[in-house]
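A closer look at the structure
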Amino acid sequence: MKEYKMRRGEYLEERIPDMEASVKDYFGPITDTEEYKGSDLFVIGEPDNPVFEKVVAGTVEYSGKKDKLAVEFYERDPTELGPDELEAAADAVDAKNDFLLEATGRDAKSRRDSLKRSVEDDPDHDVDA
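Reading the values: rules and limits
Residues numbered from 1 in each chain as written. Predicted model: local features only at pLDDT ≥ 70, side-chain atom pairs only at ≥ 80, totals over all residues. Heavy atoms only, no water. Helix = DSSP H or I, 4+ residues; strand = E, 2+ residues; numbered from the N terminus. Buried < 20%, exposed > 50% of the residue type's maximum accessible area, 1.4 Å probe, protein only. Contact = heavy atoms within 4.5 Å. Areas by Shrake-Rupley, 256 points an atom, 1.4 Å probe, with all protein chains shown as cover. Phe/Tyr/Trp six-rings, centres within 6.5 Å; stacked < 30°, edge-to-face > 60°. Lys NZ or Arg CZ within 6 Å of the ring centre and 35° of its normal. Core = buried A, V, L, I, M, F, W, Y, C linked by side-chain atoms within 4.5 Å. Pairing = 2+ DSSP bridges. Expected span 1.5 Å × (residues − 1). Bend = angle between axes of the 7 residues up to and from the residue.

Named according to an unreviewed UniProt entry, the protein chain is DUF5611 domain-containing protein originating from Natronorubrum sediminis.

Written out as structure tokens, the structure reads:
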């Protein structure tokens with residue numbers, strides 16, 4: 001499960017006031033919920049895009065800190081996809097990136113840069129390995 005933080009001064013509930021509706025719009029009907037760090041996330045068991053096997057997304061609430069977006073994309077093996085489904089792969093990438101951009105206000109490059117910084121700042125990360 002990956003967690004994404006918002007840009008400085010922004011809050012997830014302001015960017016996406018109705019997380020359930022946004023998740024449905026991007027990925028398909030919600031089939032279940034899954035508990036993660038004390039928060040219920042939405043599970044899309046049969047996503048609209050055939051590239052995804054399952055999508056889990058939602059808000060993780062932290063006491064005294066800003067909420068974060070938690071997302072896990074389960075994708076099918078590309079070798080199992082037919083020609084029509086392979087064409088949907090570009091749409092799957094767009095859906096992921098558009099959802100994450102709407103939620104976090106960060107494009108793919110700034111999300112990668114932020115992830116690199118968090119790893120560099122992690123005292124448990126061994127850079128000599």
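There is more to say after this.
**Description of the overall build of the protein chain**
Looking only at helices and strands, one finds 4 helices and 5 strands in the protein chain. Starting at the N terminus and walking to the C terminus, you meet the elements of the protein chain as β-α-α-β-β-β-β-α-α. In the protein chain, which comprises 129 residues, the proportion classed as buried is 33%. A fraction of 50% describes how many contacts in the protein chain between residues 6 or more apart in sequence connect residues 24 or more apart. Split by element, the accessible area of the protein chain, about 8,200 Å² in all, is 45% carbon and sulfur.

**A few points about the packing of aromatic side chains**
One pass over the structure, following the stated rule, counts 6 aromatic pairs. Considering the side-chain rings of tyrosine 26 and phenylalanine 27, the 6.1 Å spacing of their centres and the 40 degrees angle between planes classify their relative orientation as tilted. What makes tyrosine 26 partly exposed here is its relative accessible area of 25%. For phenylalanine 27, a relative accessible area of 1% translates into the label buried. A connected cluster of aromatic rings, assembled from ring pairs, spans Tyr26, Phe27, Phe52, Phe73 and Phe99. The ring of tyrosine 74 carries lysine 54 above its face, with NZ or CZ at 4.8 Å from the centroid.

**Structural notes on the nonpolar core**
Counting residues in each nonpolar core, the largest one holds 23 residues, and the members touching the most others are Met19, Val23, Phe27, Leu69, Val71 and Phe99. Taken together, the elements giving at least two residues each to this core come down to helix H2 (19-27), strand E3 (39-44), strand E4 (52-60), strand E5 (68-75) and helix H3 (83-104). With 6 residues, the single largest contributor to this core is H3. If sequence neighbours within four positions are ignored, phenylalanine 27 has contacts with Ile44, Pro47, Asp48, Phe52, Val55, Phe73, Ala95, Lys96 and Phe99. Residues Leu41, Val43, Val60 and Ala70 belong to the second largest nonpolar core, which totals 6 residues.

**As for the pairing of E5**
Of the pairings in the sheet, the one linking strand E1 (residues 2-4) to E5 comprises 3 bridges and is antiparallel in character. From the neighbouring strand, tyrosine 4 faces E5, where its bridge partner is leucine 69. One ladder, built from 8 bridges, connects E4 with E5; its direction is antiparallel. Each residue of the ladder has a partner; that of valine 56, found in E5, is glutamate 72.

**Quick word on H3**
The first and last C-alpha atoms of H3 sit 33 Å apart over 22 residues, in line with the 32 Å expected at 1.5 Å per residue. At alanine 90, H3 shows its maximal bend, which comes to roughly 30 degrees. Of the residues making up H3, those classed as buried are Ala88, Ala92, Ala95, Phe99, Leu100, Ala103 and Thr104. Glycine 105 occupies a position one or two residues after H3 and carries a positive phi of about 75 degrees.

**Focus: the pairing of E3**
Within E3, 5 of the 6 residues are buried, which leaves it mostly tucked inside the rest of the structure. Across 5 bridges, strand E2 (residues 32-36) lies against E3 in antiparallel orientation. Residue glutamate 34 lies in a different strand from E3, and its bridge partner there is leucine 41. Relative to E4, E3 is paired through 3 bridges, and the arrangement is antiparallel. Bridging from a neighbouring strand, valine 43 pairs with valine 56 of E4.

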